[in-house]
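Here is how the chains run, residue by residue.
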Amino acid sequence: MSTTVHFTSNGIMIAALFFSPKDPKSERAPAIVVSHPGGGVKEQTASIYAQRLANNGFAALAFHAAYQGESDGEPRGLEDPAQRVEDIKCAVSYLTTRKDVDPERIGALGICASGAYVHFAAQTDVRIKAVGTVSAFDMGDMLRNGMDGKQTKEALQQMLAYSTVMRTAEANGAEPAYNPIVPPSREQGGEGYDYYLTPRGQHPRFTNQQLVRSIDRIVQFDAFRFMSWIAPRPVLMIAGTNAFSKGYSEQAIELAEGQKELFYIEGATHMSMYDQEEHVGPAVKKLVGFYTEALKA
């Protein structure tokens with residue numbers, strides 16, 4: 001069962017769903033902050049994982065990032081890593097105020113881009129006692145270096161020029177400019193199209209629009225720079241063997257110290273782990289075991 005709740009992050013109202021634990025084992029339950037993919041909404045894969053965690057005795061909080069979904073913030077569609085990280089920290093703060101949550105047993109789960117955001121948050125927010133990810137994706141690294149690692153300096157400068165030209169245009173009264181998050185055809189969008197733009201995962205609050213001037217904010221974001229700071233708190237990263245993104249999990253786990261594990265799900269792609277039971281099921285089972293051990297009283 002979920003309840004609509006709200007909290008603030010940098011003065012911005014954040015909309016969230018609180019999933020109460022099924023058959024809680026104590027008056028104050030362990031809790032997991034579940035952060036959605038870049039551009040996604042809380043009702044999609046974040047809620048799937050939050051509900052499954054709640055079914056296994058955890059309280060779970062899935063929220064919309066600032067500037068997106070039902071949360072406040074202007075301009076709409078801004079993807080701001082600094083704000084996204086603050087949203088996660090403020091979600092933790094909200095959970096500490098609840099009488100049905102144990103403030104000493106709070107973990108975080110990040111999916112896709114949030115697989116980078118939750119690590120960055122946990123590097124300095126030591127209230128996050130365990131960090132899990134599914135299909136982690138580092139947007140900053142992708143813009144800086146390209147998916148194949150062959151991004152040229154000239155191409156990067158062109159992107160930055162595009163972003164900052166849009167800043168100037170808006171300052172002079174132009175309407176905000178947007179790029180599609182997922183290309184609007186199956187040929188170009190691949191599994192992103194199949195998930196976000198078909199009935200499989202489509203949701204009315206998913207606008208498929210990202211503000212162009214998000215680029216110069218994202219490109220400076222270095223998600224895994226201080227991964228070693230998370231230790232001695234444990235890290236679990238889950239990646240599909242067929243996922244285009246698995247290199248990010250491999251990179252991050254290499255930089256982590258202490259208790260860490262990279263768990264592969266055979267045959268899974270990046271987005272099959274969003275909603276396909278044959279891959280979500282094993283991921284949830286692994287996460288439940290991980291959080292149970294990490295957040296035990």
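Check the entry above for the structure.
Each value, and the rule that gives it
Residues numbered from 1 in each chain as written. Predicted model: local features only at pLDDT ≥ 70, side-chain atom pairs only at ≥ 80, totals over all residues. Heavy atoms only, no water. Helix = DSSP H or I, 4+ residues; strand = E, 2+ residues; numbered from the N terminus. Rg over C-alpha atoms; globule rule 2.2 N^0.38 Å. Contact = heavy atoms within 4.5 Å. Areas by Shrake-Rupley, 256 points an atom, 1.4 Å probe, with all protein chains shown as cover. Axes fitted to C-alpha atoms, helices over the stretch in contact; angles between N-to-C directions. Parallel < 35°, antiparallel > 145°, perpendicular 65-115°, else oblique. Left-handed = near helix turned anticlockwise from the far one by under 90°. Nonpolar A, V, L, I, M, F, W, Y, C, P; charged D, E, K, R; others polar. Buried < 20%, exposed > 50% of the residue type's maximum accessible area, 1.4 Å probe, protein only. Salt bridge = Lys/Arg side-chain N within 4 Å of Asp/Glu carboxyl O. Pairing = 2+ DSSP bridges. Right-handed = clockwise from strand over helix to strand, strands pointing away. Expected span 1.5 Å × (residues − 1). Arc of directions from axis to C-beta. Core = buried A, V, L, I, M, F, W, Y, C linked by side-chain atoms within 4.5 Å.

Explain the overall build of the protein chain to me, please; I cannot follow it from the model alone.
When helices and strands are counted, the protein chain shows 10 helices and 10 strands. Here the protein chain has a C-alpha radius of gyration of 18 Å; the compact-globule value for 297 residues is 19 Å, and the two agree. Taking the intrachain contacts of the protein chain between residues at least 6 apart in sequence as the baseline, contacts between residues at least 24 apart amount to 74%. When the accessible area of the protein chain is evaluated, it comes to approximately 12,600 Å², of which 51% is carbon and sulfur surface.

Before we go on, may I ask you to explain the packing of helix 1 (residues 45-55) against helix 10 (residues 277-294) in this structure?
A pair of packed helices is characterised by two quantities: the angle between their axes and the separation of those axes. Close contact between helix 1 and helix 10 brings their axes to 10 Å; oriented N to C, the two are set at 50°. Accordingly, the angle class assigned to the pair helix 1 and helix 10 is oblique. Remark: the crossing between helix 1 and helix 10 carries right-handed chirality. Contact with helix 1, carried on its side by Ile48, Tyr49, Arg52 and Leu53, involves Glu277, Val280, Gly281, Ala283, Val284, Leu287, Val288 and Tyr291 of helix 10 and no other residues of that element. Of the residues that constitute the contact of helix 1 with helix 10, the class distribution is nine nonpolar, one polar and two charged.

Would you mind going over unusual backbone geometry with me for this structure?
Negative phi characterises most residues that are not glycine, and trans characterises most peptide bonds. The omega angle of the peptide bond from Glu74 to Pro75 is 0°, so this bond is cis rather than trans. Position of Pro75 relative to the elements: it lies in the loop between strand 4 (59-63) and helix 2 (81-96). Residue Pro232 follows Ala231 across a cis peptide bond; omega there is 10°. Of note, Pro232 is situated in the loop between helix 7 (215-218) and strand 9 (235-240). A positive phi angle, near 55°, is found at Asn10, a position not held by glycine. You can see Asn10 is positioned in the loop between strand 1 (2-9) and strand 2 (12-19). You can call Asn10 exposed: its relative accessible area is 55%. One non-glycine residue with positive phi stands out, namely Cys112, at about 60°.

In this structure, what is going on with the pattern of salt bridges? I would like to understand it.
Taken as a whole, this structure holds 18 salt bridges when the rule is applied. Of the charged contacts, one joins Lys42 and Glu70 as a salt bridge, the two residues approaching to 2.4 Å between their closest N and O atoms. A residue pair is termed long-range when its members are at least 10 positions apart, and Lys42 in the loop between strand 3 (29-35) and helix 1 and Glu70 in the loop between strand 4 and helix 2 qualify at 28 residues. In this structure Lys42 comes out as buried when scored by relative accessible area, which is 1%.

What am I meant to see in the pairing of strand 10 (residues 260-265) here?
Sheet topology note: the strand 9/strand 10 ladder contains six bridges and is parallel. The residue of strand 10 that forms the bridge with Val235 is Lys260. Crossover strand 9 to strand 10 through helix 8 (residues 246-255) is right-handed.

Mind showing me how you'd approach helix 5 (residues 153-171) here?
Because each turn of an α-helix spans 3.6 residues, side chains separated by three or four positions in sequence point in the same direction. Along its 19 residues, helix 5 runs 27 Å from first to last C-alpha, staying within 8% of the 27 Å computed at 1.5 Å per residue. Among all positions of helix 5, only Leu156, Met159, Ser163, Met166 and Glu170 are buried. Along the long axis of helix 5, the arc covered by the buried residues comes to 90°, so they all point the same way. Exposed positions of helix 5 whose direction lies more than 90 degrees from the buried face are Lys153, Glu154, Gln158 and Ala171. Where helix 5 is buried, its residues contact helix 4 (139-145), strand 8 (209-211) and helix 7. Just beyond helix 5, the residue with positive phi is Gly173, at close to 100°.

When you look at the nonpolar core in this model, what are you seeing that I'm missing?
The tendency in soluble globular proteins is for nonpolar side chains to be buried side by side. In this structure, Phe7, Val34, Tyr49, Leu61, Leu95, Leu109 and Tyr291 are the most contacted members of the largest nonpolar core, which totals 92 residues. For Tyr49, the contacting residues outside a window of four places in its chain are Leu109, Ile111, Val134, Met273, Tyr274, Val280, Ala283, Val284 and Leu287.

What am I meant to see in the environment of Glu154 here?
When you line up the elements, Glu154 lands in helix 5. It is 24 Å that separates the C-alpha atoms of Glu154 and Gly247, two residues lying 93 residues apart in sequence.

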